[in-house]
Amino acid sequence: MNLILLKLKEVFSIKVGIPGGLLYYRYETFINTFLEELEIESIFSTETNKEILDMGVSCCVNDACLPMKIFHGHAAALNEKCDYLLIPRIMKCENSESICPKFCGLPEMVMSGIKRKEGVITYPLYLNRNKEIKHYLRKIGKDLEIQENKIMAAYKKAVNNHKLQIQGIKDQGYRFTIFLGGHPYNLYDRFANMNLIHKLHSYGIGVITEERVSDNEKEAEIKPLMKKPYWLFYKNNYGAGKYLVKDQGIDGIIYISSFSCGIDSITIEMLKNDIGEFPFLILKIDEHSGEAGIDTRIEAFADMLERRKLH
Ligand code: SF4
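Rules used in this analysis
Sequence positions are assigned chain by chain, starting from 1 and proceeding in written order. With pLDDT at 70 or above as the cut-off, local features in this predicted model cover only qualifying residues; side-chain atom pairs require 80 or more to be listed or tallied, and sums for whole chains, interfaces and linings still use all residues. To get the side-chain values, all heavy atoms of the structure are used, and hydrogens and water are removed first. Each salt bridge in this description consists of a side-chain nitrogen of Lys or Arg and a carboxyl oxygen of Asp or Glu lying within 4 Å of one another. The helix and strand labels rest on DSSP assignments: H or I over at least four residues marks a helix, E over at least two residues marks a strand, and numbering proceeds from the N terminus. Each residue is placed in one exposure class: buried if its accessible area under a 1.4 Å probe, protein chains only, is under 20% of its type's maximum, exposed if it is over 50%, and partly exposed if it falls in between. The contact definition used throughout considers only heavy atoms, calling two residues in contact when any of these lie within 4.5 Å. The term polar contact refers here to a pair of N or O atoms within 3.5 Å; inside protein, the definition further demands a hydrogen-donor-capable atom paired with an acceptor-capable atom, and it admits residues adjacent in sequence only when both atoms are side-chain atoms. For this description, a residue counts as near a given molecule or strand if any of its non-hydrogen atoms is within 4 Å of it. Throughout, the edges of the domains are those of an automatic or database domain assignment. A pair of Phe, Tyr and Trp rings is counted when the ring centres sit within 6.5 Å of each other, with Trp represented by its six-membered ring. The angle between the planes then sorts it: under 30 degrees is stacked, over 60 is edge-to-face, the rest tilted.

Draft legend 1. Quick look at the pattern of salt bridges. Summed over the entire model, instances satisfying the criterion amount to 18 salt bridges. Between Glu94 and Arg26 there is a salt bridge, with the nearest N and O atoms lying 3.4 Å from each other. One end of the pair, Glu94, is in the loop between β4 (89-92) and α5 (106-114); the other, Arg26, is in helix α2 (residues 24-37), with 68 residues separating them in the sequence. The salt bridge involving Asp54 is made with Lys50; its shortest N-O contact spans 2.9 Å. Of the two residues, Asp54 and Lys50 are both situated in helix α3 (residues 50-59); the distance of four residues between them amounts to about one turn of the helix. For Asp54, a relative accessible area of 36% puts it in the partly exposed group. Within the structure, one salt-bridge network assembled from shared partners comprises Glu97, Glu219 and Lys235.

Draft legend 2. Inspection of the environment of Val57 at higher detail. Position of Val57 among the secondary structure elements: in helix α3. Along the backbone, Val57 and Lys15 are 42 residues apart, and their C-alpha atoms lie at a distance of 26 Å. Setting aside residues no more than four positions away along its own chain, Val57 makes contact with Lys69 and Glu287.

Draft legend 3. Highlighting the side chain of Lys235. Within the element layout of this structure, Lys235 appears in helix α11 (residues 232-247). At 3.0 Å, the side chain of Lys235 forms a polar contact with the side chain of Glu97. For Lys235, the residues in contact, after removing those within four places along its chain, are Asn95, Glu97, Glu219, Ile222, Pro229 and Ala240.

Draft legend 4. Inspection of the site of the ligand at higher detail. Around the ligand, the neighbouring residues are Cys65, Pro67, Met68, Cys100, Lys102, Phe103, His183, Tyr185, Ser258, Cys261 and Ile263. Here the shell around the ligand gathers at least three residues from each of two domains, domain 1 (10-164) and domain 2 (176-310).

Draft legend 5. Examining the packing of aromatic side chains more closely. In the structure shown here, the tally under the stated rule is seven aromatic pairs. Centre to centre, the rings of Tyr185 and Phe233 are 6.5 Å apart; their planes meet at 85°, and the pair counts as edge-to-face. Of the two residues, Tyr185 sits in helix α8 (residues 184-187) while Phe233 sits in helix α11, which places them 48 residues apart along the sequence. With a relative accessible area of 9%, Tyr185 lands in the buried category. For Phe233, a relative accessible area of 4% gives the class buried. Plain terms: the ring middles of Tyr230 and Trp231 are 4.8 Å apart, the flat faces sit at 85° to each other, and that makes the pair edge-to-face. Taken together, Phe30, Phe34 and Tyr155 form an aromatic cluster joined through their ring pairs.

Worth remembering: the numbers are spatial, not functional.
Below, the structure written as structure tokens:
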């Protein structure tokens, strides 16, 4: 009897698709723990590759940035394989900072792009209040017919694991250290950035990312600004970059930015204006970026750091 029930559960188990793009890079541990704890059958897209990028480019609007196109590709790759597709509509980030408006309209963009009308979890998600996060998860639980007490237990475990996870990179033992600025989906998607971190290491350049600068240190750099930064990744990258330059702990800055990203344009200009003369390389990426161009610029930057050290 038990065997029959188990088989039925197997046959009818609901599959949830998790596109591995955008802020999945930031909340991966939380999402994975939550789903595992609830024993939800989840399907994850593979790491970004050429096929995923091509699918994204073909189903996303032309003038969207590269990370948006990549996310569309991940969603398209899962479209036929899952009963539900999880596409959070992120409205606010932790500490009430705002996020790019494209995140609020992401479900509609993707649903229209991949031509899927149903089976998409699109509830708004406010990450600045625990109450709201629980509310969001309860709604998902209701859709998937999971009891509330189980949802809350899985939430607690997911929060704990997320807190235990060390975010960001702080390399040690390299000849040079640079601040690597940018959004997590550009920094950690090895296909999108053409394995940038590995390339830097091969030139003896280690990196620090914004997650390794404390909130207090970032806040102290932001305080003198006329207006408090509105966007989460502007605040994080500006605050961390400025702190690290002042602290003298780095030899240069490389900022990896998506072509046509308004938030990056402001962040880069503000940072450039406020740090004075300092080695600063901006790498713009989109689906047409060629690896040879990136390689040449990194090589030239590494040469410049070397000359600076010698003289
Ligand atoms: S913040 Fe910039 S890179 Fe990120 S989704 Fe918005 S436009 Fe794209």
